[in-house]
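# A look at the structure
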Amino acid sequence: MTVRSFRKVLIANRGEIALRVIRACRARAVATVAVFSDADHGALHVRAADEAYRVGGPAAADSYLNADAIVEAARRAGADAVHPGYGFLAENAAFAEACVRAGLAFIGPSAETLALCGDKATTRARVAGAGIPVPPGTDAVDDAGAARAAARLGFPLLIKAAAGGGGKGIHLVEEPSDLPGALRLARGEAQGAFGDDRVYLERWLDRPRHVEVQIVADACGAVVHLGERECSVQRRHQKLIEESPSPALTGALRDRMLEAAVAAARAVGYRNAGTVEFLLSNDAFYFLEINARLQVEHPVTELVTGVDVVALQLAVAAGAPLPVRQEEVRSRGHAIECRISAEDVEHEFLPWVGRVDQVLLPGGPGIRVDGALAPGLEITRFYDPLLAKIIAWGSTRPEAVDRMTGALRETLVTGVPTTVPFHLWALAHPAFRSGNYATRFVETEWGVRARPAGWLAALAAAALADRGGRRPALLPPQAPSSWATAARRDGVT
Amino acid sequence: MKTYWVRAGDEDFEVGVEEGAGTLAVSVGGARHMVELAEVVPGWYTLLVDGKTHDLGVWDHAGTRTLMLDGRPCPVEVRRTRPPSGPGHSGRGHRRGGVVAPMPGLLVALHVAEGAQVGMGQPLVIMEAMKMQMEVRAPHDGVIRRVHVAPGQELTAGQLLVTIE
C-alpha cells in the first residue's frame, strides 16, 4: 500500500473530541475542517478549525448524522480524509463507504469491519471461533424468545442492542416481571440510536469489572496493543472514571487478556485504532465487543504509554506501517480520567440543559484537560452532556489519585450541575482507594452515601447566603493595592 | 437578625444569622453556634463552627447549590421567605396528584389516557434527552384525571405531565 500524506482533514464531530483531533492535525501541519449544526455555530471546535461548514439543524439526525451533508462539506473544502471522532457516524459502515466512494480516506476501520463489529451477535460468534471466551447469552431474540431464554439464563440479566454500542440500549433486568418493560425501553432506544430494534440477552456475571484493551492495527494487518483500561465506575452503562493499569489485573492474567485482545482484532481483520472490551469476573475474562473507534478515555492510555493515539490513527489511515513495535510499548506509572458532564448527580445523573456561567480549569504537574468548555456555553438536549475530561498521571496509583483530587478541587463550573462532586466522593471512597470495585459500584455505594449532618449543612448554606452579598466575584477586577504599586515601582527602579 | 429557610437534602431548617465582628452567630435547631467562613481558593471554604474546622466546597447552578462538607455532598436551597409548607417546594419530584417531568427533553410516548386506572410503578410516559430514554412511572395508585402533554412535545424539567387522583 502506498503511503499518502493528508493535507486537509475534515472532523465529522463536535465538542472535546473535535478539538482533540484538530490539535493532532495541527501538530502535523495538517489543515482542519470543522462541521457544525445550527446549535453550534459559535462552538469552540468551529473557531479552532481552519475552515468550518454548516451541515444542518440542531438535531443530530439533521447535522452530525447527516452523512451526505458531511461528505459534501469535505468535497467543497477539498479535504482528503475524514476523522469521525466517537459517537455520531464513527461506527457507521455506510458513512465510511460514502467517504471512500468520494475519494476521502476514512480514519478508522474499513466499512466491512465496521459492519461486522456493529453486529454484536456476529462479532461474538467470530471471536468465540478464535478461541476467546464470551459470556453466556443468546443471539438476537424476539420478545417471546427472550422470555424463554431468560428463564434458562436466570436473573439478573442484561438486554443489549444487537446493533448497539456506547452503552445505548443496555438494560439490567433484576426480576422476571421487569422484563417486558425493559425490552420495550431497550428496543425503543436501539431503534432511536441505531435504527434497528433487535436485542439479545446476556447473563449477568458475579461482581464483573469492565476492562478494555486499546489496540492499533496498520493497513498490512500488524497489530499492537497499548495496554488496558479499567472502566468499572459507570452509571447507566456510561463510564464515569477510567484508569490504567487496571488494579484488578495480575501479571499472568494481564498477559492473557492483552493477547486475547490482539487475537480478537486479528479475527475481525481490524485496521486503525480500536478497543476490545472484556468483562472480568473472579479471574475469568469474557469478550464483550469491539468498539471500532477512538474511545472517549483514550488519553488514559496516552499518559501511561506516551503514545499519541490520534497521531497513530492518522499515520495508519495514510497507509504508513505502525511506527511502534509491541516490545517498544511500555506502560509507566498510573493514569486516571474523570468525565465532567452536565448532570444532576443528586437526581439519578439526569442530563442537564442550561448555560455555563463561570469556568476554572485545573493545571499543574501530571494534569491534562481535554474539553470544549467556556463561559456562556449553552448545553442543549441535542448532544451528549460531556463538558471536559480531566486526566491525571502519577508515578503510582495513590499519587495519580491525589493529583486528580487536587485537580477536581481546582475545577469550578457554575450555572449547571456537574459530576465534580461525585468524582471527589468516588476518589475518596475506600473501595476505589483500595482498587477493589466492580461495575455496580455507583449503583450500590452512591445511593447509600453518607450525608453531612442536616443542621450543619443548613448552617453552612445560611452562612454562605449571608456572606453572599459581600463575597467578591470569582475573578474580581484587581484594584492595585499600595503593596502592588510599591512592588511595581521597586521592579522598575 | 436575619432568617433563612434552608432545605438541606430532604430536611427543612429555619436558620437565624446575627452578624458580629468577623463572626456570625447562627441559630439552628434550637442551638446557637459561633461561625466563621473564609474562602481558601475559588469555591472552597474553611468553615469554623464553635472552634471546629470543616472543609466546605460550593457549586452554584440554576438557583440551587451543592455543598460538600468534609467530603460529603449535599444539595441545598436557601430562601429568605418562609416556603409553602409540605415537601417538594424545590419543584422537582412530584406535587400532590401531579406527575412532573424529571428532566428537560422530548416526550416520546404516552402510555395512559384520561380516565385510565393506574397502579403504583406503572409506566406513564417515555421521555428522551441526549439519546437516553427514561420511563416516568406512577408514584401511587389512582385514576388519570388529566393528561397535560402530547407525544412529540418538548418538555422542561418540572413540567406537569399528568394528574392522578
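Here the structure is a predicted model, which means the values were calculated and not measured.

### Concerning the domain arrangement of chain B
By the assigned domains, chain B splits into domain 1 (2-79) and domain 2 (98-164). Its C-alpha centre places domain 1 of chain B at a distance of 36 Å from the equivalent point of domain 2 of chain B.

### Some details on the sheet that holds strand β7 (residues 64-69) of chain B
Each strand in a sheet pairs with its neighbour through backbone hydrogen bonds, running either in the same direction (parallel) or in the opposite one (antiparallel). All names here are of chain B. One closed barrel accounts for eight strands, arranged β1-β2-β3-β4-β5-β6-β7-β8; its pairing is antiparallel. Averaged over all neighbouring strand pairs, the angle between strand axes comes to 35°, with direction disregarded. Pairing between strand β1 (residues 2-8) and strand β8 (residues 72-79): four bridges, direction antiparallel. For R7, the partnering residue across the bridge sits in β8 and is E77.

### A few points about the sheet that holds strand β11 (residues 117-118) of chain B
Residues and elements named next belong to chain B. Reading across the sheet, the four strands line up as β9-β16-β14-β11 and stay open at both edges, with antiparallel pairing between neighbours. Each edge of the sheet is formed by a strand with only one pairing partner; in this case those strands are β9 (98-100) and β11. Bridge count for β9 against strand β16 (residues 160-164) is three bridges, and the pairing is antiparallel. Paired with V100 across the bridge in β16 is L160.

### Examining the interface of chain B and chain A
At the junction of the two partners, chain B supplies 55 residues and chain A supplies 48 residues. In terms of residues, the side of chain B that touches chain A owes the most to one element, β8 of chain B, which gives six residues. Looking at the side of chain B that touches chain A residue by residue, the classes come out as 36 nonpolar, nine polar and 10 charged.

### Section: the environment of H423 of chain A
Following the sequence through the fold, H423 of chain A ends up in helix α13 (residues 420-428). The sequence separation of H423 of chain A and I340 of chain A amounts to 83 residues, and the corresponding C-alpha distance is 8.6 Å.

### Comments concerning helix α10 (residues 298-305) of chain A
Residue and element names in this part refer to chain A. With eight of eight residues buried, α10 lies mostly within the body of the structure. Along α10, the residues classified as buried are H298, P299, V300, T301, E302, L303, V304 and T305. Where α10 ends, the next residue or the one after it, G306, has phi of about 75°, a positive value.

### Observations regarding unusual backbone geometry
All names here are of chain A. A cis geometry characterises the amide bond from F155 onward to P156, with omega recorded as -5°. Considering the arrangement of structural elements, one finds P156 in the loop between α7 (143-153) and β6 (157-161). Between S244 and P245 the backbone carries a cis peptide bond, its omega angle lying at -5°. Among the secondary structure elements, P245 is positioned in the loop between β11 (238-244) and α9 (251-267). Positive phi, normally seen in glycine, also occurs at A29, with a value near 55°. Within the secondary structure, A29 is located in the loop between α1 (15-27) and β2 (31-37).

Each value, and the rule that gives it
- Here the residue numbers are simple positions, counted from 1 along each chain's written sequence.
- Following the order in which they are written, the chains are lettered starting with A and the ligands numbered starting with 1.
- pLDDT decides what is reported in this predicted model: residues at 70 or higher carry local features, side-chain atom pairs at 80 or more are listed and counted, and totals for whole chains, interfaces and linings draw on all residues regardless.
- The source of the domain bounds is an automatic or database domain assignment.
- What makes two strands pair is DSSP finding at least two bridges between them.
- Each helix is a run of DSSP H or I of at least 4 residues and each strand a run of E of at least 2, with the numbering of both proceeding from the N terminus.
- Only the stretch in contact is used when fitting a helix axis, every axis being a line fitted to C-alpha atoms; angles between N-to-C directions are given from 0 to 180 degrees.
- Placing C-beta atoms from the backbone, we regard two residues as in contact once those atoms come within 7 Å.
- Under the scheme applied here, ten amino acids are nonpolar (Ala, Val, Leu, Ile, Met, Phe, Trp, Tyr, Cys and Pro), four are charged (Asp, Glu, Lys and Arg), and all others, including Gly, are polar.
- Residue burial here comes from a neighbour count, namely the number of other C-beta atoms, placed from the backbone, that lie within 10 Å of the residue's own C-beta, with 20 or more meaning buried, 12 or fewer meaning exposed, and in between meaning partly exposed.

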